[in-house]
Amino acid sequence: MNKVLLLAQILTVASAIVVGFHPNILYASVFLLFTFCGVAVMFLFAGADFLAGAQVIIYVGGVTILILFAIMLTQWLYKIKLADIRNKMVLPGVLATIIGAFLYRALHQMVLSLPPQTPEALEKFSTTPKTALIGQALLGSYLLPFEAITILLLGAMVGAVWLARPE
């Protein structure tokens, strides 16, 4: 089980690096899809089944497809390749390394300072799914804002198609 999680983490980070540094925007957006899927797998291992489902539905099924539509509808954007990328990677690479080392150290210190988990403490924070309550709230008292966001996104997509049409 831990090997699968480690593999998912490595693939997620590797695909995120490809997203940041690939010169072709189409390939970068495809690897963004793999990054979002990897994050959903990590949510599953953390016991957050609703967040994993929302990650797949919203980001994999919505945001990535919207990005791909935008790239495909604008012909000039599809053909753009990033140039002189090596000179522009030095400063972000150094900053990412420093921030990553700082975050790793802080996380490692936080994990070492946590008290050992007892079975009673683990029972208190059960990982049983609470998606029924979230579903009732979304389709109950929050139905109108949920549908309003859906109509807003549909209008944004229609507007993007209208703006990208050839004249």
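Residues numbered from 1 in each chain as written. Predicted model: local features only at pLDDT ≥ 70, side-chain atom pairs only at ≥ 80, totals over all residues. Heavy atoms only, no water.

> Just checking my understanding: could you explain a nonpolar patch on the surface for this structure?
A surface patch of nonpolar side chains, about 460 Å² in accessible area, is lined by Ile65, Leu66, Phe69, Leu73, Met157 and Val161. Elements represented by at least two residues in the nonpolar patch include exactly helix H3 (49-73) and helix H9 (143-164). The leading source of residues in the nonpolar patch is H3, at 4 residues. One can find Phe69 in helix H3. For Phe69, a relative accessible area of 42% translates into the label partly exposed. (Patch = residues over 30% accessible without salt bridge, like charges linked within 9 Å, V, L, I, M, F, W, Y side chains within 5 Å. Areas by Shrake-Rupley, 256 points an atom, 1.4 Å probe, with all protein chains shown as cover. Salt bridge = Lys/Arg side-chain N within 4 Å of Asp/Glu carboxyl O. Helix = DSSP H or I, 4+ residues; strand = E, 2+ residues; numbered from the N terminus. Buried < 20%, exposed > 50% of the residue type's maximum accessible area, 1.4 Å probe, protein only.)

> Whenever I open this one, the packing of helix H1 (residues 2-21) against helix H2 (residues 25-45) confuses me. Can you help?
Geometrically, a packed helix pair is captured by the angle between its two axes and the distance between the axes. In contact at an axis separation of 8 Å, H1 and H2 are set at 150° when each is read in the N-to-C sense. Classed by the angle they form, the pair H1 and H2 counts as roughly antiparallel. The hand of the H1/H2 crossing is left-handed. In this structure, H1 contributes Val4, Leu5, Ala8, Gln9, Thr12, Ser15, Ala16, Val18 and Val19 to the contact, and H2 contributes Ala28, Phe31, Leu32, Phe34, Thr35, Gly38, Val39, Val41, Met42 and Phe45. (Axes fitted to C-alpha atoms, helices over the stretch in contact; angles between N-to-C directions. Parallel < 35°, antiparallel > 145°, perpendicular 65-115°, else oblique. Left-handed = near helix turned anticlockwise from the far one by under 90°. Contact = heavy atoms within 4.5 Å.)

> Explain the environment of Ala48 to me, please; I cannot follow it from the model alone.
Structurally, the position occupied by Ala48 is in the loop between H2 and H3. With 83 residues separating them in the primary sequence, Ala48 and Thr131 have C-alpha atoms 9.5 Å apart.

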